[in-house]
Amino acid sequence: MTGLPPVTAPVLAEALDALPARLRRKVDDAVVRAGGWPVTGTADGVTVRVDEATTVTLVTVDGVVRRAADARCSCLLAPNCLHRMAVLALAPVDDGVPVDDGVPMDDAPPVDDASPAAGRPVAPAAAADPPVGVAGDAVADAAASPPAPTGRQRAAADGLWRVGVAVLAAGTVGCGVVLRTALLRAVHEARANGLHRAAASGTRVAAGLRAAREGEPQHRLADLTDDLRELLAVSRRLRGDAPAGDLGALLGTARRAYDPQAGLRLYGLCTVPVVADSGYAGVVTYLADRDCRLWMVADLAPGDVGRAAGAGDATVAVGESGLSHRQLTRAGLVVSGGTASESGQLGAGRAVRAARAAGVGWADEPLAGLWAQPLPDQVRRAFGAVALPLPERPAGADLLFLTVRVLGGHDHTVLVGTDDGAVLTLTVADEHTALPHRANLRLLGQAVGARLRLVGRLDPTRRATVQALAVGPVDGDGPGLTLPQSWAGHVDLGYDRLHASQLRAGDGAVVVPPHDRLPDAAVPRPRLGDPALGLLRRQVERVVSGGRAIQALADPTERRLRLARLDLGAHLLAAMGSAARSRPRDAFGRLTDDDGQAFAESWLAVAAYEEAASRASAEASWLP
């Protein structure tokens, strides 16, 4: 079913609460059937035809269903019927809150909690979950946060924790509409009480559960595992007395402040499409000033990969330069009266003036200074950045600027070597087929021997691995790339499409791709991670997929971890298995259900250990 308008989380929760208990067990089956019901647009919403005698009508306000009464069914059981609930469950979820539009606080319009978020840009740090401004004293200001969470915040965090525990116990195979709706309800309550970081992770988990349930191609179990770990870790700390120094980071921010900046002379670096799991998409353009500090301009709003693919041609919302993002990445910008957040996100206030200026190539100053930084310094800076919460991460701090030589391609990766002999693996930054990442990387793998300048994002979960964002040829007579003059010497791999005719062999001829796949012995292989840590990661992800029951039946693997000298990991894994199998019994020996919190805490300990150990191992693979 397509064409359904967004539905707010409270509407979905209210519709589910209205169902009798006997019908709640049938919701997931009803949702599957509803996928084939035809949708017809109307002047004020849509009509869904269930059969010849039954229709479901959704009435929208500003394009969103905002009240449960606006979802009506014509059957005799209405409003407490499965038809109505199935249609609402299929619709995308919209929280209906204003988002960060990059306007400084003094220029920002009054916050209206009922205003729709659709069509308005959001900062990249908030793309995973749009920030919200809430009236009253429910929101804690990050700049002057209280010494401890309030009672309402603890209650909201406890609600998120308990739903997260239930999600972990059920796994993706057992998370249906009922559990996802409970999670969305807890997310809404958390956001209303200022728990923005926890609400963001909860939104991502809900989106991941839905993608897993519907078999969407962009579903990644690894991403869902990381999001669930973040949800449980943050909500668990907020349930108790969080340390005063950590409270601001745990709460997150609703809207970031934009401070005035002196005149800026910026040079375009690269443009990257963004597709967030929460339903936000768009583009981020990175720029550098004369001192090689990185800045970014973002255009993110509700949408899918189609919006990201087209956002590169959208006009940059800084001043009135008239440049699109793809043009700005190859030009320059002079900004006066500008504003920016502490992380380097440029604002779009009414007083900002911006004019187009000349850009420079990557081999020219000041951009050449980015590639002059020693690799160990770049790696330490990038690993330090990825450890920070996303809103606190400086613009481009997780990017690496490398000069490499192509060694060959293997599957969907490219092996490159640095001047000091290190072998790195380049992977695609986004798997969506509507973006040219994969096709471009496959062609780059055929340019064996080509020397390239690379802009990539560090992958902290894999050894010596970089997500390739943009490349440019290094001048020379050997193999390389021959690019159109309009590309100004570099390729944005998420927007520009390379062609085989642009690959140059050493004698100046065009490289002819081989018809047959190269033998495995002739292609260097990517560097694999630590096998023992990989085993531990599979144990963590298996619980997210199959739930507590599958861990209770899992074969013990602690001995293999101890042989790899991961004694703490083996101890934590054994404790998780014991917690999975431990079920209390009543006085008559019958099994009774526990709340699952002991198992969730043991899983969280294993997940946190694995994440820290994998990151340390990945960082060590970069450094001598």
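Residues numbered from 1 in each chain as written. Predicted model: local features only at pLDDT ≥ 70, side-chain atom pairs only at ≥ 80, totals over all residues. Heavy atoms only, no water.

Draft legend 1. Quick look at unusual backbone geometry. With an omega of 5 degrees, the peptide bond between Ala 78 and Pro 79 qualifies as cis. Across the junction of Glu 365 and Pro 366, the peptide omega takes the value 5 degrees, indicating a cis bond. Backbone geometry places Cys 292, a non-glycine residue, at a positive phi of 70 degrees. Cys 292 sits in the partly exposed class, given a relative accessible area of 22%. The phi dihedral of Ala 464 falls on the positive side, at around 50 degrees, and the residue is not glycine. Relative to the assigned elements, Ala 464 resides in the loop between strand E15 (451-458) and strand E16 (465-473). Using a relative accessible area of 1% as the deciding quantity, one classes Ala 464 as buried. (Buried < 20%, exposed > 50% of the residue type's maximum accessible area, 1.4 Å probe, protein only. Helix = DSSP H or I, 4+ residues; strand = E, 2+ residues; numbered from the N terminus.)

Draft legend 2. Highlighting helix H7 (residues 196-214). Taking 1.5 Å of rise per residue, the 19 residues of H7 would be expected to cover 27 Å, and the 27 Å separating its terminal C-alpha atoms lies within 8% of that figure. Gly 215 sits one or two positions beyond H7 and adopts a positive phi of about 65 degrees. (Expected span 1.5 Å × (residues − 1).)

Draft legend 3. Inspection of the side chain of Thr 465 at higher detail. Within the element layout of this structure, Thr 465 appears in strand E16. A polar side-chain atom of Thr 465 sits 2.9 Å from the main-chain carbonyl oxygen of Arg 463. Contact partners of Thr 465, with chain neighbours within four places excluded, come to Thr 425, Thr 427, Leu 458, Asp 459 and Trp 622. (Polar contact = N/O pair within 3.5 Å; in protein donor to acceptor, adjacent residues only side chain to side chain. Contact = heavy atoms within 4.5 Å.)

Draft legend 4. Structural context of the sheet that holds strand E8 (residues 294-302). Taken together, the five strands give an open sheet; going across it, the order is E8-E7-E6-E9-E11, and neighbouring strands pair in antiparallel fashion. With partners counted over all chains shown, the strands left at the sheet margins are E8 and strand E11 (353-357), one partner each. Neighbour-to-neighbour, the strand axes of the sheet open up by a mean angle of 35 degrees, direction not taken into account. Relative to strand E7 (residues 280-288), strand E6 (residues 264-275) runs antiparallel, the two sharing eight bridges. (Pairing = 2+ DSSP bridges. Axes fitted to C-alpha atoms, helices over the stretch in contact; angles between N-to-C directions.)

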